Amino acid sequence: VHNLKQMAATVAAMEQYGNSPEGLDEALVSANADLQSSAAELKAAEAALREKKDLQKQVLAYSKTRNVRQGLKAQKTDKARKAYRERHESDFIIADAAARYFQAHGVSKLPSYKALQAEIEQLTAEKNAHYNEYREKKARVRELHTVKSNLSQILKGEKDREKKHEQER
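Small disclaimer: the values here were computed from a predicted structure and weren't measured.

Reading the values: rules and limits
Residues numbered from 1 in each chain as written. Predicted model: local features only at pLDDT ≥ 70, side-chain atom pairs only at ≥ 80, totals over all residues. Heavy atoms only, no water. Salt bridge = Lys/Arg side-chain N within 4 Å of Asp/Glu carboxyl O. Helix = DSSP H or I, 4+ residues; strand = E, 2+ residues; numbered from the N terminus. Buried < 20%, exposed > 50% of the residue type's maximum accessible area, 1.4 Å probe, protein only. Contact = heavy atoms within 4.5 Å. Core = buried A, V, L, I, M, F, W, Y, C linked by side-chain atoms within 4.5 Å.

Engineer: Where do I start with the pattern of salt bridges in this structure?
Structural biologist: Pairing between side chains of opposite charge can happen when their charged atoms approach one another. Under the definition given, this model contains six salt bridges. Taking the shortest distance from any N to any O, the salt bridge between Glu119 and Lys52 comes out at 2.9 Å. Here Glu119, found in helix H6 (residues 113-168), pairs with Lys52, found in helix H2 (residues 21-64); they are 67 residues apart in sequence, far enough to count as distant.

Rendered as structure tokens:
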């Protein structure tokens, strides 16, 4: 029963693509191209999201060290600054790493954490939409591959029956 249902679906799909294997091949090539473009869009959205999350992480780290950096400015003497810097060395390392990140990525004015969070939410929604589109296109390609495989089995079966019939003669 399953095989009959598969063959009926194959015949219906063949009628949709013009009753020719060439039409099915063209549809498969087109579906593969759509799948590849969808995958590229999905990767671009994921990369943008990853970049924004990294920026958000660095902004958060830099803002957490703000009090320590201001405390260094409040120190009057060089000896006091040196001692203060040694006491808070880990915070200064974090702040310096964040500053290098900002410089390397060309960030001159720090965006607000809330603005970054809003952008991340928007990018996440876009990524999810691209992923849903990608899954639909992937299912479409898989369906077309199945139809093509079933068609080749049907045609192979007919050829085998013709050969068997000729051998019986």
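Engineer: Sorry, what's going on with the environment of Leu55 here?
Structural biologist: Looking at where Leu55 falls in the secondary structure, it is placed in helix H2. Of the residues examined, Leu55 reaches a relative accessible area of 12% and is grouped as buried. Apart from the residues within four sequence positions on either side, Leu55 is in contact with Tyr101, Phe102, Val107, Pro111 and Leu116.

Engineer: Can you walk me through the nonpolar core in this structure?
Structural biologist: Generally speaking, soluble globular proteins have nonpolar side chains that are buried together. If you look at the biggest cluster of nonpolar residues, it comprises eleven residues: Ala13, Met14, Leu24, Ala27, Leu28, Ala31, Leu35, Val141, Leu144, Val147 and Leu151. Counting only elements with at least two residues in this core, the list comes to helix H1 (2-16), H2 and H6. A per-element tally of this core places H2 first, with five residues. If near-sequence neighbours (up to four positions away) are discounted, Val141 is found in contact with Leu28, Ala31, Asn32 and Leu35. Counting six residues, the second-largest nonpolar core is a separate cluster that includes Leu55, Val59, Tyr101 and Phe102.

Engineer: In this structure, what is going on with the environment of Val59? I would like to understand it.
Structural biologist: Counting through the fold element by element, Val59 comes out in helix H2. Along the chain, Val59 and Pro111 lie 52 residues apart, while their C-alpha atoms are 7.8 Å from each other. Dropping the residues within four chain positions of it, Val59 is found in contact with Phe102, Leu110, Pro111 and Leu116.

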